[in-house]
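A look at the structure
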Amino acid sequence: MKKHNFSAGPSILPREVLQGSADAILNFDGMGLSLRKISHRSKNFEAVMDEARQLVKELLSLGDDYEALFLQGGATLGFTTVALNYMKQGGHAAYLNTGVWATGAIKDARLWGDVSVIADSSDKNHSYIPKNYEIPQGADYLHFTSNNTIFGTQFHTFPQTTLPLVCDMSSDIFSRPFDATRFDCIYAGAQKNMGPAGAVLYVVKRDSLGRTGRKLPAYLDLQAHIEKDSMFNTPPVFSVYASMLTLRWIKANGGLEGMGRSNDAKQKCFYGELDRNPLFYGHSVPEDRSWMNATFRLHNEQLAADFDALWKAAGISGLSGHRSVGGYRASMYNALPLESVQVLTEVMQELERTKG
Ligand SMILES: Cc1ncc(COP(=O)(O)O)c(C=O)c1O
């Protein structure tokens, strides 16, 4: 039976990427050797790293004033890495708290300096994106999480500020066009729109570094990674390779414009049904709904067993909500076809027909 994978992450990847990754595990680049068993310093792998870094810049329309790095430690280590690379010694940073991951970023940044949380949506269980807040003029940077994977909200316009912007884009990078030149630093774990877990992408404006007056441990110093072309130490070879294949797939499917068109069609299909079907309601306010992670619930929780049986029978997996929201979460990353969203909406209609 065909599976429809709505997992929030690690999540669905394009079939070609899985096939290409599987092939490389057995015989990478015609070398007769597994990708898992060759030196990351071999010219064959260096070419992969170069292509992956180049594709990131090409897809985001960035020039030579930006660098793309594939590091380790997930976006979670990114919370510390960005604070150490952007918050001056004795300086201060502004953060927007829009969910679990933003809260984690704030907590870790506070270990290194003064952090102001200038807006916080926890009063309504992070069901909205704060709009009216004051941005302190002297802050070293403003940090936000562009898509809140757990609560299902997303920034549809980015904060307006002259401060350097630092953003955790783990769950919506490459999902639609945006102006990447507005950011000093973007970071994103691979395992949603880019590849298997193991790599974290940093997109860094070159001249934004080296201004903090801090001494940094080598691995946490983004400049050290830039100087070594993202090969300062052994990179997450498999995750970088599969990410490179996904980046090629994004390019071949229309780049960010193409992703944006298909993600828009999926979100319209899903939210159209959610708004129409009287059995369900959404967690997030309509204007801030995430195109990537749709969080929703049943009005009558007693129908949960029936709904669960229906979606499981239709081949859907990964639909259970996160414990901090409950209900359901449909994650509709780039690689999820519209057809899978249609299967989900048909199941919602079926529940209405039989139990509504
Ligand atoms: C927006 C966001 N930030 C950070 C993280 C943490 O990422 P990692 O597990 O790669 O450390 C996640 C994980 O789902 C996420 O969705």
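Quick notes on the rules
- Note that residues are indexed from 1 along each chain, following the sequence as it is written.
- Totals for whole chains, interfaces and linings use all residues, but because this is a predicted model, local features are given only for residues with pLDDT of at least 70 and pairs of side-chain atoms are given and counted only at 80 or more.
- Secondary structure elements are taken from DSSP: a helix is a run of H or I of four residues or more, a strand is a run of E of two residues or more, and numbering for both begins at the N terminus.
- It is over C-alpha atoms that the radius of gyration is taken, and the globule rule equals 2.2 Å times the number of residues to the power 0.38.
- Two residues form a contact once the distance between their C-beta atoms, set from the backbone, is within 7 Å.
- We call a residue exposed when 12 or fewer other C-beta atoms sit within 10 Å of its C-beta, buried when the count reaches 20 or more, and partly exposed for counts in between; the C-beta positions come from the backbone.
- The arc in question is the one spanned by the directions pointing from the helix axis to the C-beta atoms.
- Being near a molecule or strand means, for a residue, that its backbone-placed C-beta atom lies within 6 Å of it.
- Residues are sorted three ways: Asp, Glu, Lys and Arg are charged, Ala, Val, Leu, Ile, Met, Phe, Trp, Tyr, Cys and Pro are nonpolar, and all the rest, Gly among them, are polar.
- At least two DSSP bridges between two strands are needed for those strands to be called paired.
- All the domain ranges listed were derived from an automatic or database domain assignment.
- Angles run from 0 to 180 degrees between N-to-C directions of axes, and those axes are lines fitted to C-alpha atoms, restricted for helices to the stretch in contact.
- When the strands point away from the viewer, a crossover counts as right-handed if the route from the first strand across the helix to the second turns clockwise.
- Nonpolar cores are built from buried Ala, Val, Leu, Ile, Met, Phe, Trp, Tyr and Cys residues. These are joined into a set through C-beta atoms within 7 Å.

This next bit is on the overall build of the protein chain. Helix and strand content of the protein chain: nine helices and 14 strands. Relative to the globule expectation of 21 Å for 356 residues, the C-alpha radius of gyration of the protein chain, 21 Å, shows essentially globular dimensions. Seen through its principal axes, the protein chain has C-alpha atoms that stretch 65 × 55 × 30 Å. Restricting to contacts in the protein chain with at least 6 residues of sequence separation, those with at least 24 account for 69%.

Once that is clear, we can look at helix 4 (residues 100–109). The set of residues buried in helix 4 consists of Trp101, Ala102, Ala105, Ile106 and Ala109. What you see down the axis of helix 4 is that its buried residues fit within an arc of 145 degrees, all on one side. Looking at the buried positions of helix 4, the neighbouring elements they touch are helix 3 (74–86), strand 3 (92–97), strand 4 (114–120), strand 5 (142–145) and strand 8 (165–168).

Taken together, Gly9, Gly74, Ala75, Thr76, Trp101, Thr145, Thr149, Asp168, Ser170, Ser171 and Gly189 make up all the residues around the ligand. The element best represented in the shell around the ligand is helix 3, accounting for three residues. Residues that form the shell around the ligand fall into these classes: two nonpolar, eight polar and one charged.

Successive residues of a regular strand alternate their side chains across the two faces of the sheet. Judged from the three bridges that link them, strand 11 (residues 280–282) and strand 12 (residues 293–298) form a sheet pairing that is antiparallel. Directly across from phenylalanine 280, in strand 12, lies its bridge partner leucine 298. Where strand 12 lies against strand 14 (residues 328–331), four bridges are found, and the strand directions are antiparallel. When the bridges of strand 14 are listed, threonine 295 appears paired with arginine 329.

What follows is about the domain arrangement of the protein chain. Once the domains are mapped, the protein chain shows domain 1 (15–252) and domain 2 (255–355). Its C-alpha centre places domain 1 at a distance of 27 Å from the equivalent point of domain 2. On the side of domain 2, 23 residues touch domain 1, which itself brings 23 residues to the contact. Listed by contribution, the elements that provide at least two residues to the side of domain 1 that touches domain 2 are strand 6 (147–148), strand 7 (153–154) and helix 6 (237–252). Its residues assigned to classes, the side of domain 1 that touches domain 2 shows nine nonpolar, ten polar and four charged.

The next point concerns the sheet that holds strand 2 (residues 66–71). Taken in spatial order, the seven strands of this open sheet run 2-10-9-8-5-3-4, and their pairing is mixed. Sheet topology places strand 2 and strand 4 at the edges, where each strand pairs with a single neighbour. Across this sheet, the average inter-strand angle for adjacent strands is 20 degrees, counted without regard to direction. As defined by bridge partners, strand 3 adjoins strand 5 across two bridges and the pair is classed as parallel. Across the sheet, the residue bridging to alanine 94 is leucine 142, located in strand 5.

Our focus in this paragraph is the sheet that holds strand 11. Here three strands make up an open sheet; going across it, the order is 11-12-14 and the pairing antiparallel. The open sheet is flanked by strand 11 and strand 14, the only strands paired with a single partner. Sheet twist, expressed as the mean angle between neighbouring strand axes with direction ignored, is 35 degrees.

The next subject is the pairing of strand 4. Taken together, the six bridges between strand 3 and strand 4 define a ladder with parallel strand orientation. Opposite asparagine 97, over in strand 4, you have aspartate 120 as the bridge partner. A crossover links strand 3 with its parallel partner strand 4, the connecting element being helix 4, and its sense is right-handed.

As a further point, take the nonpolar core. Counting residues in each nonpolar core, the largest one holds 93 residues, and the members touching the most others are Cys185, Ile186, Leu201, Tyr202 and Val203. Examining the composition of this core, we find that eight residues originate from one element, helix 6, more than from any other. When residues are assigned to domains, this core turns out to be shared by domain 1 (15–252) and domain 2 (255–355), each giving three or more. Setting aside chain neighbours within four positions, we find tyrosine 202 in contact with Leu69, Leu71, Cys185, Tyr187 and Leu222.

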